[in-house]
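Tertiary structure, described
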Amino acid sequence: MTREYRGADEDVSVDVTALGRALWRAKRWLVPLVLITAVGTFAAMQAVTPKYRGQAKILIESQGAVYPGINRNVEGERALLDQEGVASQVQLLNSYDLARRVAKKLELSQRSEFNPSAEDRGSLVDKALNLLGFDRTNRQASLEERVLEGYFDRLIVYQVEKTRVITVEFTSRDPKLAANAANTIVQEYLDLQAAAKRDNTEEAADSLGPEVERVRADVEKAERAVEEYRASNDLLIGSNNVTLVQQQLADLNTQLATARAQKAEVDAKASQVRAMLEQGSLDSATDVMNSPLIQRLRERQVALQARIADLSTSLLPSHPDLRAAQRQLRDLDGQIVAEGRKILSGLESDVHVAESREASLLESLNQLKAQVAQNNEARIRLRELERDAKVKGTQLEALLQRYREQEARVNAAGLPADARLISRASVPHKPYSPRVTAITALVTMAVTVLAVAFILMREFLVGAVLVRGSDSVREEEGEMGGDDEARAPVALIESPQVPVAPLSDVETSPATLWARLMEMEVPPKCLVVVSTDDDEMASRAAIALLRAAVSDNTCPILLEVSAEPQFAVTNEEGGEPHRGFVDLLSGEASFSQVIMRDPRSRAHVIAGAGRPLSDQEVEAPLFDTVLEALEHTYDHIVVDLGRLTSSVSTAKFLARADHVVLVAGDHSGGPSLDRTRRMLESKTGAGLSVLAPQRREGAAKGERDMAA
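This one's a predicted model, so the numbers in the text were calculated from it and none came from an experiment. (Residues numbered from 1 in each chain as written. Predicted model: local features only at pLDDT ≥ 70, side-chain atom pairs only at ≥ 80, totals over all residues. Heavy atoms only, no water.)

A closer look at a negative patch on the surface
- Together, D199, E202, E203 and D206 line one region of the surface with negative charge.
- You can see D199 is positioned in helix α8 (residues 175-232). (Patch = residues over 30% accessible without salt bridge, like charges linked within 9 Å, V, L, I, M, F, W, Y side chains within 5 Å. Areas by Shrake-Rupley, 256 points an atom, 1.4 Å probe, with all protein chains shown as cover. Salt bridge = Lys/Arg side-chain N within 4 Å of Asp/Glu carboxyl O. Lys, Arg positive; Asp, Glu negative; His and termini not counted. Charge placed at Lys NZ, Arg CZ, Asp CG, Glu CD. Helix = DSSP H or I, 4+ residues; strand = E, 2+ residues; numbered from the N terminus.)

Below you can see the structure in the form of structure tokens.
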């Protein structure tokens, strides 16, 4: 079996069977080499000092409020628990201060792993290397620097992805040291956080003490100014937290209302008695009936009326006794009326007294009102002083609260750190390095690949696997010729045919052209494809661009306007031609009737009429409406104009184009193509690209059959 390669002057083929034979011949030294490599690597890994890794984990969280004032606000919680806050804690775990504390506590300087000079006093080889400038122990550095360098080489601190968990890993030849170091780092970190909290608390308490004293003095001064101003302006406070003047004003208002009510009552009684006296009857007057004298007179009147009635039964009207009794009855009526007049006079006197009292109270009230009006400005100033004293008092209370909280935290036995140990490091039993099996397999595989490559390269250099000659090439072509014809190409636009014109931006592949168009800042919405040769060339290029757009995950549509459309199919029901763009412009068909699907993609197509559009069809009222609807519905519109002409339809489509693709065929001349390009660029104002594909007859025929 051979593989064909075509050189510049002759045909060369590779004999794969010869390569296999060469590898088989090399098995005598290849297999031992692989085995020796595997055994040697395994033995070398056994001699390497194993390393153990201890791992501890902490969770960053805000501890609960154990003492007053330990809670943070929302912003403080967010700053601690967000990704930046956790990353800051990772940096703190990697800090030099924490490293020095851990190194001192674990006495790392006494271990040869971190300080080789602790046990190795220096051999002759080391001294010679030092003289040459190669100091493997870096003895010129200080002891602390060497220990910290070894410490950080073995320390790994990282945040677990999308969590607030931090992992601390420490590597050492001693498994107990690996676990102890990881736990010590975490514990020292927690102690360092707690100590930092205590230091901040003490500093806050020390700074709050003088501030509290200053604010307390300001509060006392403000309250003293309020009381002095109140006393100097007669604004002393009485009951119910009001001034004395305001309290007196309220009392006078109450007395005035009572006096007016009494006056109205007495006046009403006097008017009633006066009206009854005018009517000659005092029987219904309450004050009159309540008079003891009137009551006695009424009793005598009743008794006298009874005597007169008795005398009238036995005596004549002119009898002296009867007339004397009647005279006495008239005297009693006069006495009752006279007594009523006295009562009326007393009521009128009471009315005058009530009026005088009302006038006196009203005068006193007006005087107090005037005094209150004069004190308004003083009260405004007093309220200002009171507000100032109140604000300073509130400030003092807040400072005192904070000071007490800080004192409570300072006096506390311990302050919790904003982290919690969730996994302590245990002593590892298996080393993590070296991985003997994996390293042995990788080294063995690498040596095997290099050996095989060496064998193949040697065979190629000596030419043992290369077969030259035209007969073998023709035989190979004869064997594979039938397969090429059986596999009919599906691509229409492939091998480049560069035009004669010296254009630097000529594209030879529709897919490459479409990718370049999509990389523009504003990709074109309406793409117009025209040809300098014939309609078929433009149609094939438009279909290739359409399918390239589908592969770019967009929703395009092809609008065929050329005289040789590729999708002019017939209706399956009656064999009539499928409705197309002309029917849509005339209003005889709807979008659902004219839009069809490309059989080789999910793109949509509006077939043409098989002839150029007339000027009347282009000037139809629905022309602009149809194009606007298509632009609104689809991501891209590919218009197949066919061969470039001077028709009205060509002008209208070019006027709406966002980008123009000029397809150059096999027979396009350089100067002619260049003139056409310059003309389109100057007339349309849109971007222009040149596509120069090569026509393949078999592919074109297969494409037309598939489209049909």
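Some points on the nonpolar core
- One finds V528, L559, F581, I606, V639, L641 and F653 to be the most contacted residues of the largest nonpolar core, which totals 35 residues.
- Among all residues touching V639, those that are not within four sequence positions of it are C526, L527, V528, V529, L559, V561 and F653. (Core = buried A, V, L, I, M, F, W, Y, C linked by side-chain atoms within 4.5 Å. Buried < 20%, exposed > 50% of the residue type's maximum accessible area, 1.4 Å probe, protein only. Contact = heavy atoms within 4.5 Å.)

Digging into the sheet that holds strand β3 (residues 52-60)
- Spatially, β4-β5-β3-β6 is the arrangement adopted by the four strands of the open sheet, whose pairing is antiparallel. The open sheet has two free edges, formed respectively by β4 (155-159) and β6 (419-423), since each of these has just one partner strand. Averaged over all adjacent pairs, the angle separating strand axes in this sheet is 25 degrees, with direction ignored.
- As paired elements, β3 and strand β5 (residues 165-172) share eight bridges and run antiparallel to each other. Bridge pairing links R53 to T171 in β5.
- Seen against the sheet, helix α7 (residues 143-154) touches β4 and β5 and runs at an angle of roughly 45 degrees to β4. (Pairing = 2+ DSSP bridges. Axes fitted to C-alpha atoms, helices over the stretch in contact; angles between N-to-C directions.)

Points about the sheet that holds strand β10 (residues 556-560)
- The mixed open sheet is built from eight strands, whose spatial order is β8-β15-β14-β9-β13-β10-β12-β11. In the strand order of this sheet, the two ends are held by β8 (506-507) and β11 (595-597), each with one partner.
- Of the pairings in the sheet, the one linking β11 to strand β12 (residues 604-606) comprises three bridges and is antiparallel in character. When the sheet's bridge partners are listed, I595 is paired in β12 with I606.
- This element, helix α17 (residues 535-551), spans β9 (526-531), β10, β12, β13 (636-643), β14 (659-663) and β15 (687-691) of the sheet and lies at about 150 degrees to β9.
- Sheet strands in contact with helix α21 (residues 622-633) are β9, β10, β12 and β13, and its direction is about 135 degrees off that of β13.

Brief notes about the pairing of β14
- Of all five residues making up β14, five are buried, and the element is well covered by its neighbours.
- Here β14 shows a buried face lined by H659, V661 and V663 and a second buried face lined by V660 and L662.
- Alignment of β9 against β14, held across five bridges, turns out to be parallel. Opposite V530, over in β14, you have L662 as the bridge partner.

Structural notes on the confidence of the model for the protein chain
- Looking at the protein chain, the pLDDT average stands at 75 and 73% of residues meet or exceed 70.
- A low-confidence stretch, residues 468-504 stays under pLDDT 50, and its non-local contacts, those more than four residues away or across chains, total 46 contacts.
- The low-confidence segment residues 696-708, where pLDDT is below 50, has 22 contacts with residues more than four positions distant or belonging to other chains. (pLDDT = per-residue confidence, 0-100.)

Quick word on the packing of aromatic side chains
- Tallied over the entire structure, the rule returns seven aromatic pairs.
- For the ring pair W29 and F454, a centre distance of 6.5 Å and an interplane angle of 75 degrees mean the geometry is edge-to-face. Residue W29 is found in helix α2 (residues 27-47), and its partner F454 is found in helix α14 (residues 436-462); the two are separated by 425 residues along the sequence.
- Judged by centre distance (6.1 Å) and plane angle (25 degrees), the rings of F114 and F170 are stacked. (Phe/Tyr/Trp six-rings, centres within 6.5 Å; stacked < 30°, edge-to-face > 60°.)

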